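Chain residues, written in single-letter form:
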Amino acid sequence: MSVVGRFVLKTLHGHFKRLSQLVVDSSAVQQLKNIEEKSLRVTVDGGGCSGFQYKFEIDEKVNNDDVVFEKDGVQIITDKISLDFIKGSTIEFHEELIRSSFRVVENPQAEEGCSCGISFSVKID
């Protein structure tokens, strides 16, 4: 695994702090290359059995409010609101006997998730 993006936010006092980072596992990069796609959009929507759910789609369009992470010729695109829900997470491609899919793992913003791995609830500090 390797970090593919770090962003900073200038605070009111002129100091910089790390806003987010997203880790993209080599399995996700390899799968995008296998299906000959260059960009994967990751968003968080309300719904699912735990309150929020991850959504993945092939999409090369970058909007004004998007943040783009690049690694080895592929892009992971997310919007700024979704990034707040997944910052510090890892994006990977997982294969098992009954299905294979992209997924978000090791999400420090998630308190718990459902067994399908798509739905999660947010930690409240």
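Details of the structure are given in the entry above.
**Notes on the overall build of the protein**
Reasoning step 1: Helix and strand counts for the protein stand at two helices and ten strands.
Reasoning step 2: The helix and strand sequence of the protein, counted from the amino end, reads β-β-α-β-β-β-β-α-β-β-β-β.
Reasoning step 3: Here the analysis covers contacts within the protein between residues at least 6 apart in sequence; of these, 45% occur between residues at least 24 apart.
Reasoning step 4: When the accessible surface of the protein is totalled, it reaches about 7700 Å², and 49% of it is carbon and sulfur.

**So, the pairing of strand S7 (residues 90-95)**
Reasoning step 1: Across six bridges, the pairing between S7 and strand S8 (residues 100-105) is antiparallel. Considered in S8, the bridge of Glu92 is made with Arg103.
Reasoning step 2: The antiparallel hairpin formed by S7 and S8 contains four residues in its connecting segment.

**Thoughts on the packing of aromatic side chains**
Reasoning step 1: Counted under the stated rule, the structure contains three aromatic pairs.
Reasoning step 2: With centroids separated by 4.9 Å and ring planes inclined at 35°, the aromatic side chains of Phe52 and Phe85 adopt a geometry described as tilted. Of this pair, Phe52 sits in strand S4 (residues 52-58) while Phe85 is found in helix H2 (residues 80-86), placing the two residues 33 residues apart along the sequence.
Reasoning step 3: The class of Phe85 is partly exposed, set by a relative accessible area of 21%.
Reasoning step 4: Seen in terms of ring centroids, Phe93 and Phe102 are 5.1 Å apart; in terms of plane orientation they differ by 65°. Their pairing is edge-to-face. Each of the two residues, Phe93 as well as Phe102, counts as buried.
Reasoning step 5: These aromatic residues form a ring-pair network of at least three members: Phe56, Phe93 and Phe102.

**Observations regarding the environment of Val122**
Reasoning step 1: Within the element layout of this structure, Val122 appears in strand S10 (residues 119-122).
Reasoning step 2: Ignoring anything within four residues of it in the chain, the contact list for Val122 reads Phe52, Phe85, Gln109 and Glu111.

**Digging into unusual backbone geometry**
Residues apart from glycine generally show negative phi values, whereas peptide bonds are mostly found in trans.
Reasoning step 1: Positive phi is not limited to glycine here, since Glu36 has a value of about 55°.
Reasoning step 2: Secondary-structure assignment places Glu36 in the loop between helix H1 (26-34) and strand S3 (39-46).
Reasoning step 3: Residue Asp72 is not a glycine yet carries a positive backbone phi of 50°.
Reasoning step 4: Among the secondary structure elements, Asp72 is positioned in the loop between strand S5 (66-71) and strand S6 (74-79).
Reasoning step 5: You can call Asp72 exposed: its relative accessible area is 52%.

**Thoughts on the side chain of Lys71**
Reasoning step 1: Secondary-structure assignment places Lys71 in strand S5.
Reasoning step 2: It is Asp72 that comes nearest to the buried, bridge-free Lys71 among opposite-charge side chains, at 4.9 Å.
Reasoning step 3: Within the structure, the side chain of Lys71 is placed 2.9 Å from the backbone oxygen of Val24, a separation counted as a polar contact.

**Some details on the pattern of salt bridges**
Reasoning step 1: Tallied over the full model, the rule gives four salt bridges.
Reasoning step 2: For Arg41, the salt bridge is made with Asp66, and the minimal N-O distance between the two is 2.8 Å. With Arg41 in strand S3 and Asp66 in strand S5, this pair connects stretches of sequence that are 25 residues apart.
Reasoning step 3: Using a relative accessible area of 6% as the deciding quantity, one classes Arg41 as buried.
Reasoning step 4: Overall, the relative accessible area of 11% leaves Asp66 in the buried class.

Conventions we followed
- Residues numbered from 1 in each chain as written.
- Predicted model: local features only at pLDDT ≥ 70, side-chain atom pairs only at ≥ 80, totals over all residues.
- Heavy atoms only, no water.
- Helix = DSSP H or I, 4+ residues; strand = E, 2+ residues; numbered from the N terminus.
- Contact = heavy atoms within 4.5 Å.
- Areas by Shrake-Rupley, 256 points an atom, 1.4 Å probe, with all protein chains shown as cover.
- Pairing = 2+ DSSP bridges.
- Phe/Tyr/Trp six-rings, centres within 6.5 Å; stacked < 30°, edge-to-face > 60°.
- Buried < 20%, exposed > 50% of the residue type's maximum accessible area, 1.4 Å probe, protein only.
- Lys, Arg positive; Asp, Glu negative; His and termini not counted.
- Salt bridge = Lys/Arg side-chain N within 4 Å of Asp/Glu carboxyl O.
- Polar contact = N/O pair within 3.5 Å; in protein donor to acceptor, adjacent residues only side chain to side chain.

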